[in-house]
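# Examination of the molecular architecture
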Amino acid sequence: MKFSLRIVMVLMLALMLASCGGKKRIVTKKKNSKPRTERVIVRKERPAISKPSDKRTETVPPVATAPRPTGNLNITEVYIANYSEVAKNNMRQHKIPASITLAQGILESGSGRGRLAVEGNNHFGIKCHGWTGDKIYHDDDASQECFRKYPHAEQSFQDHSEFLTSRGRYADLFKLDLDDYEGWAKGLRESGYATDRKYPEKLISLIERFQLYIFDEEVLGKRKPRNKTSEIANNLTHKVMPGDTMYSLSKRYNLSVQELQKLNGMTNSNLQVGQILIVK
């Protein structure tokens, strides 16, 4: 009996030992334990040096824009460039020095910027006096005097020549030599063309300052003609055509309306057909 009891106890002990060895360990975390963090070291990488590639990169060409005013010619010089050929042709036809015609045009029209020139294409301040064509009214010696109005500036130059040749009081002028611009300037004042006592001096000053006498010498064959200044003018100016507006011209020449007005001494956007605008 004692022997069998021992056997049972040995078997029970063996079973207990076997069961203890087969249990898995259970790991419990403490409630107040801090979470473990890993330290990460970030290394800065050196920028990679790009090696030249054999492949060609496609470049975008710059947008072409119209050139801005260069300042090489002032407004008076542009005026001369525009109308010197007209003045020379009138000299050949009517025997009036081109220098005198140009100087009068510059003085009377403010180099083409005066109201009579801009709105009436009248470059010489010629009043109506029996004129049957279009008229423009402007304050001069008296308020709202009548002045001749022309469709184009060239007609103003032509009418200026005919005005001088058709009136007897200017007959003595045509007895002077065509290269005597001083005599012509003084003769115009004496004949009553202008009331300003300094009118001759102003004309002579313009002729000598801008060397307008050169155009007389070219017509008389005393000097070899230079390249046509009208070609220069064509690159700097625009002749207003029907349908032109300040906005359309500003877009055409890549200028703002304000820039176009400033170049031409204008305070509004009114245009006249035949008007010459500086655009570069």
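None of the values given here were measured: they were computed from a predicted structure. (Residues numbered from 1 in each chain as written. Predicted model: local features only at pLDDT ≥ 70, side-chain atom pairs only at ≥ 80, totals over all residues. Heavy atoms only, no water.)

## Thoughts on the overall build of the protein
Test applied: Strands here mean DSSP runs of E at least two residues long; helices mean DSSP runs of H or I at least four residues long; both are numbered from the N terminus. Buried, partly exposed and exposed residues are distinguished by accessible area as a fraction of the type maximum, computed with a 1.4 Å probe on protein chains only: under 20%, between the cut-offs, and over 50%, respectively. The contact definition used throughout considers only heavy atoms, calling two residues in contact when any of these lie within 4.5 Å. Computed by Shrake-Rupley with a 1.4 Å probe, the accessible areas treat only the displayed protein chains as cover when residues are assessed.
Broken down by element type, the protein carries eleven helices and four strands. Taken across its 280 residues, the protein has 35% of its residues classed as buried. When contacts within the protein are restricted to residue pairs at least 6 apart in sequence, long-range pairs at least 24 apart make up 57% of them. Surface accessibility of the protein: about 19700 Å² in total, with carbon and sulfur atoms responsible for 52%.

## Some remarks on helix H6 (residues 181-190)
Of all the residues in H6, the buried ones are Tyr181, Gly183, Trp184, Ala185, Gly187 and Leu188. The inward-facing, buried residues of H6 contact helix H3 (98-109), helix H5 (153-165), helix H7 (199-209) and helix H8 (213-219). Taken from the residues just after H6, Gly192 is the one with a positive phi, measuring 90 degrees.

## Some thoughts on the nonpolar core
General note: in soluble globular proteins, nonpolar side chains tend to be found buried as a group. Rules: Among buried residues, the Ala, Val, Leu, Ile, Met, Phe, Trp, Tyr and Cys ones that are joined through side-chain atoms within 4.5 Å form a nonpolar core.
Formed by 35 residues in total, the largest nonpolar core has its most connected members in Leu188, Tyr193 and Leu212. Secondary structure elements with two or more residues in this core: helix H2 (75-94), H3, H5, H6 and H7. When residues of this core are assigned to their parent elements, the largest contribution, six residues, is made by H2. Not counting residues within four places of it along the chain, the set of residues in contact with Tyr193 comprises Gln104, Glu108, Phe124, Ile126, His160, Phe163, Leu164, Tyr170, Leu188 and Tyr199. Leu249, Leu255, Val257 and Met266 belong to the second largest nonpolar core, which has twelve residues in total.

## Here we look at the pairing of strand S1 (residues 135-138)
The side chains of a regular strand alternate, first on one face of the sheet and then on the other. Applied cut-off: Strand pairing is assigned whenever DSSP detects at least two bridges linking the two strands.
Looking at chain direction, S1 and strand S2 (residues 145-148) are connected through four bridges and run antiparallel. Of the residues in S2, the one forming a bridge with His138 is Glu145. Between the end of S1 and the start of S2, which pair antiparallel, lie six residues, with Gln144 showing a positive phi angle near 50 degrees.

## Brief notes about H5
Our working rule: What a helix should span is 1.5 Å times the count of its residues minus one.
Here H5 is 13 residues long and its end C-alpha atoms lie 19 Å apart, about the 18 Å a rise of 1.5 Å per residue gives. Of the positions making up H5, those classed as buried are Ala153, Ser156, Phe157, Asp159, His160, Ser161, Phe163 and Leu164. Here the buried face of H5 lies against H2, H3, S2 and H6.

## Observations concerning empty space enclosed by the protein
Put simply, the rule reads: Buriedness for pockets is judged along seven lines, at least five of which must meet protein on both sides within 12 Å for an open set on the 1 Å grid over protein atoms alone, while cavities are sets there where a 1.4 Å probe fits but cannot get out, and lining residues have an atom within 4 Å of a point. Grid points are joined across faces, edges and corners, and a volume is the space filled by probe spheres set on the points.
Here the structure, examined in full by the defined rule, presents two cavities of 30 Å³ or more. What the largest cavity holds in volume is close to 230 Å³. Together, 22 residues line the largest cavity, and Ser111, Gly112, Arg113, Asn264 and Ile276 are the ones closest to its centre. Listing elements by their share of the lining of the largest cavity, those giving two or more residues are H2, helix H4 (115-120) and strand S4 (276-278). At five residues, the largest contribution of residues to the lining of the largest cavity is made by H2.

## Focus on the state of the cysteines
Put simply, the rule is: To count as a disulfide, a pair of cysteine sulfur atoms needs to be within 2.5 Å.
Evaluation of the coordinates by the stated rule reveals one disulfide. Note on cysteine connectivity: Cys128 is disulfide-linked to Cys146, with sulfurs 1.8 Å apart. Here the disulfide of Cys128 and Cys146 is left-handed, its torsion about the S-S bond being about -65 degrees. Of this pair, Cys128 sits in the loop between H4 and S1 while Cys146 is found in strand S2, placing the two residues 18 residues apart along the sequence. For the pair Cys128 and Cys146, a shared accessibility class is recorded, and that class is buried.

## Comments concerning the pattern of salt bridges
Selection criterion: Here a salt bridge means any side-chain nitrogen of Lys or Arg lying within 4 Å of a carboxyl oxygen belonging to Asp or Glu.
Counted under the stated rule, the structure contains twelve salt bridges. Glu119 is the partner of Arg115 in a salt bridge, and the nearest nitrogen-oxygen pair spans 3.4 Å. Here the residue Arg115 and the residue Glu119 both occupy positions in helix H4, the gap between them amounting to four residues, near one helical turn. Here Asp159 ties to Arg148 by a salt bridge, and the two come within 2.8 Å at their closest N and O atoms.

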